[in-house]
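Close look at the chain arrangement
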Amino acid sequence: MPEISQEDLLTRLRWRYAVKQFDATRKISQDDWLTLQTAIQLSPSSFGLQPWQFIVVTNAKIKAELARLSWGQPQPRDCSHMVAMAARESIEDDYIDRFMNKVAADRKIDVAAMNGYRNVISGFVSKMERETMFAWTTRQVYIALGQLMTAAAMVDIDACPMEGIDAAGYDKLLGLEGTGYRTVVGCAVGYRSVADSNAKSAKVRFEADEIFRNID
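Conventions used here
- Residues numbered from 1 in each chain as written.
- Predicted model: local features only at pLDDT ≥ 70, side-chain atom pairs only at ≥ 80, totals over all residues.
- Heavy atoms only, no water.
- Helix = DSSP H or I, 4+ residues; strand = E, 2+ residues; numbered from the N terminus.
- Buried < 20%, exposed > 50% of the residue type's maximum accessible area, 1.4 Å probe, protein only.
- Contact = heavy atoms within 4.5 Å.
- Axes fitted to C-alpha atoms, helices over the stretch in contact; angles between N-to-C directions.
- Left-handed = near helix turned anticlockwise from the far one by under 90°.
- Nonpolar A, V, L, I, M, F, W, Y, C, P; charged D, E, K, R; others polar.
- Patch = residues over 30% accessible without salt bridge, like charges linked within 9 Å, V, L, I, M, F, W, Y side chains within 5 Å.
- Areas by Shrake-Rupley, 256 points an atom, 1.4 Å probe, with all protein chains shown as cover.
- Salt bridge = Lys/Arg side-chain N within 4 Å of Asp/Glu carboxyl O.
- Pairing = 2+ DSSP bridges.
- Parallel < 35°, antiparallel > 145°, perpendicular 65-115°, else oblique.
- Phe/Tyr/Trp six-rings, centres within 6.5 Å; stacked < 30°, edge-to-face > 60°.
- Lys NZ or Arg CZ within 6 Å of the ring centre and 35° of its normal.

Right, let's get into the overall build of the protein chain. In terms of helices and strands, the protein chain carries nine helices and four strands. Counting from the amino terminus, helix and strand elements in the protein chain follow one another as α-α-β-α-α-β-α-α-α-β-α-β-α. With the C-alpha coordinates of the protein chain rotated into their principal frame, the extents come out at 55 × 50 × 35 Å. Within the protein chain, buried positions represent 41% of all 216 residues. A separation threshold of at least 6 residues defines the contact pool for the protein chain, and within that pool the share at least 24 residues apart is 81%.

Have a look at this one:
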């Protein structure tokens, strides 16, 4: 595998920031987007269940509507790709079975050999109330959000996570109502505008000794 140096990694992470103003004239190439899409697809999740859907919007009119549903913030309108990240509302037995069948097919094993694992998953999710489960699946989506932003930075593409959105409005506009998925966060992806003064702002983080405790 190609090796990335520790210095290069930290340089890319220091370069990224939550873009406030995108260059609406610049679009992500198809090849670059497929790389980011695959990076999202490779995101980890509890039990590997992937309880999410990602709605990728490049249509200009819909992006403008999403900006309106985002407290008027311009990022959804001006970015190249606006991603609505939705969490599954519940995990039912048929979803678990579909996942186990996928594992068996991809790993070329007998699905019956994983009955114990299936029972562990089923036992875990069956103890949750619906809203508790949605809170749990939402946390899985945030893992994917982090992976998307990091992957974008590694290939010189900008991103802005967006919690300031009308999630119900997103659901209605994007056809998520009644699907079993609900929008929890958005992520605008594209290229920063040269007019975005935030790009030059110092990155503010607490000192390491304030946020890390080492137990040797």
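Where helix 2 (residues 30-41) meets helix 7 (residues 130-154), the closest approach of the two axes is 8 Å, and the angle between their N-to-C directions is 145°. Pair helix 2 / helix 7 crosses with right-handed handedness. The segment helix 2 lies against helix 7, with L36, A39 and I40 engaging A144, Q147, L148, A151 and A152. Across the contact of helix 2 with helix 7, the residue classes break down as seven nonpolar, one polar and no charged.

What follows deals with a nonpolar patch on the surface. On the surface, I4, L9, L10 and L13 cluster together into a nonpolar patch covering about 300 Å² of accessible area. Here L13 lies in helix 1 (residues 6-15). L13 gets classed as partly exposed once you look at its relative accessible area, which sits at 30%.

Before going further, it helps to spend a moment on the sheet that holds strand 3 (residues 158-162). An order of 1-2-4-3 is seen for the four strands of this open sheet, with the pairing classed as antiparallel. Of all the strands in the sheet, just strand 1 (52-57) and strand 3 have a single pairing partner and so form its edges. The sheet shows a mean angle of 25° between the axes of neighbouring strands, direction not considered. The sheet contact formed by strand 3 and strand 4 (residues 181-190) spans five bridges and is antiparallel. Directly across from P161, in strand 4, lies its bridge partner C187.

Moving on, we get to the environment of P51. Inspection of the secondary structure assignment puts P51 in the loop between helix 2 and strand 1. Taking relative accessible area as the criterion, P51 reaches 1% and is therefore assigned buried. In this structure the C-alpha to C-alpha distance between P51 and Q75, which are 24 residues apart in sequence, comes to 26 Å. Ignoring any residue separated from it by four or fewer positions in sequence, one finds P51 in contact with S45, A86, A87, R88, I91, Y95, T137, Q140, V141 and Y181.

Geometry of a packed helix pair, given as the angle between the helix axes and the separation of the axes. Viewed as axis vectors pointing N to C, helix 5 (residues 93-107) and helix 6 (residues 115-126) meet at an angle of 150°, and their least axial separation amounts to 11 Å. By the angle class used here, helix 5 and helix 6 are roughly antiparallel. Between helix 5 and helix 6 lies a crossing whose hand is right-handed. Touching D93, I96, D97, F99 and M100 of helix 5 are Y117, R118, I121, S122 and V125, all from helix 6.

Turning next to the packing of aromatic side chains. Taken as a whole, this structure holds five aromatic pairs when the rule is applied. One aromatic cluster is present, formed by F47, Y117, F124 and W136 through successive ring pairs. Just above the ring of W15 sits the side chain of R12; from NZ or CZ to the centre is 4.6 Å. Taking NZ or CZ as reference, R26 lies 3.9 Å from the ring centre of Y191, over its face.

As enumerated under the stated definition, the model contains 11 salt bridges in all. Here R68 makes a salt bridge to E65, at a shortest N to O gap of 2.8 Å. Of this pair, R68 and E65 both sit in helix 3 (residues 60-68), three residues apart, roughly one helical turn. Take R68: its relative accessible area is 54%, and that puts it in the exposed class. Assessed through its relative accessible area of 32%, E65 is described here as partly exposed. In this structure, E89 and R182 form a salt bridge, with 3.4 Å as the shortest nitrogen-oxygen distance. Note that E89 is positioned in the loop between strand 2 (81-88) and helix 5 and R182 in strand 4, a separation of 93 residues in sequence. Salt bridges sharing partners connect three or more residues here, namely E89, R130, E131 and R182.

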